[in-house]
Amino acid sequence: MFTGALTADLLLGDVHSLKGKRAVVRPIVAELRRRFAVAAAEVGDQDLHRRAQIGVATVAGDAGQVTDVLDACERLLAERPEVTLLSTHLIQL
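Quick notes on the rules
Residues numbered from 1 in each chain as written. Predicted model: local features only at pLDDT ≥ 70, side-chain atom pairs only at ≥ 80, totals over all residues. Heavy atoms only, no water. Helix = DSSP H or I, 4+ residues; strand = E, 2+ residues; numbered from the N terminus. Buried < 20%, exposed > 50% of the residue type's maximum accessible area, 1.4 Å probe, protein only. Pairing = 2+ DSSP bridges. Axes fitted to C-alpha atoms, helices over the stretch in contact; angles between N-to-C directions. Contact = heavy atoms within 4.5 Å.

Trainee: What is the right way to look at unusual backbone geometry in this model?
Mentor: Glycine aside, a negative phi is what most residues show, and trans is what most peptide bonds show. With phi around 50°, alanine 37 is a residue other than glycine that occupies positive phi space. Examined against the element boundaries, alanine 37 turns out to sit in the loop between helix H1 (18-36) and strand E2 (39-44). Owing to a relative accessible area of 68%, alanine 37 belongs among the exposed residues under this scheme. For aspartate 45, which is not glycine, the phi dihedral falls at a positive 60°. Considering the arrangement of structural elements, one finds aspartate 45 in the loop between E2 and strand E3 (51-60).

This is the structure:
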């Protein structure tokens with residue numbers, strides 16, 4: 001069994017409150033969970049309006065599948081027009 005985790009730092013667009021931030025981040029997390037069957041959550045920068053840190057984790061029987069899923073999650077985050085992907089950190093075990 002192989003596990004992997006991805007942490008992504010995001011810069012949010014026109015957000016001026018934590019309520020506005022939640023309106024942007026929640027659909028992104030829900031889409032990651034739905035499309036890729038991964039565990040996903042906002043894991044950092046909860047008190048900042050324009051920054052978000054999203055964590056994604058997955059488990060698979062093949063190391064290549066873990067890499068493919070996490071790469072697809074990273075592409076989804078990079079393609080979202082309402083956020084800018086600043087950096088990612090990938091861990092595979």
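Trainee: Looking at this structure, how should I read the sheet that holds E3?
Mentor: By way of backbone hydrogen bonds, the strands of a sheet pair with one another, either parallel or antiparallel. The sheet built from four strands is open, its strands ordered E2-E3-E1-E4 with antiparallel pairing. The open sheet has two edge strands, E2 and strand E4 (83-92), and neither has a second partner. On average, each strand axis in the sheet is tilted by 25° relative to the strand beside it, whichever way the strands run. In the packing of helix H2 (residues 63-79) onto the sheet, contacts are made with strand E1 (2-12), E3 and E4, and the angle to E1 comes to roughly 10°.

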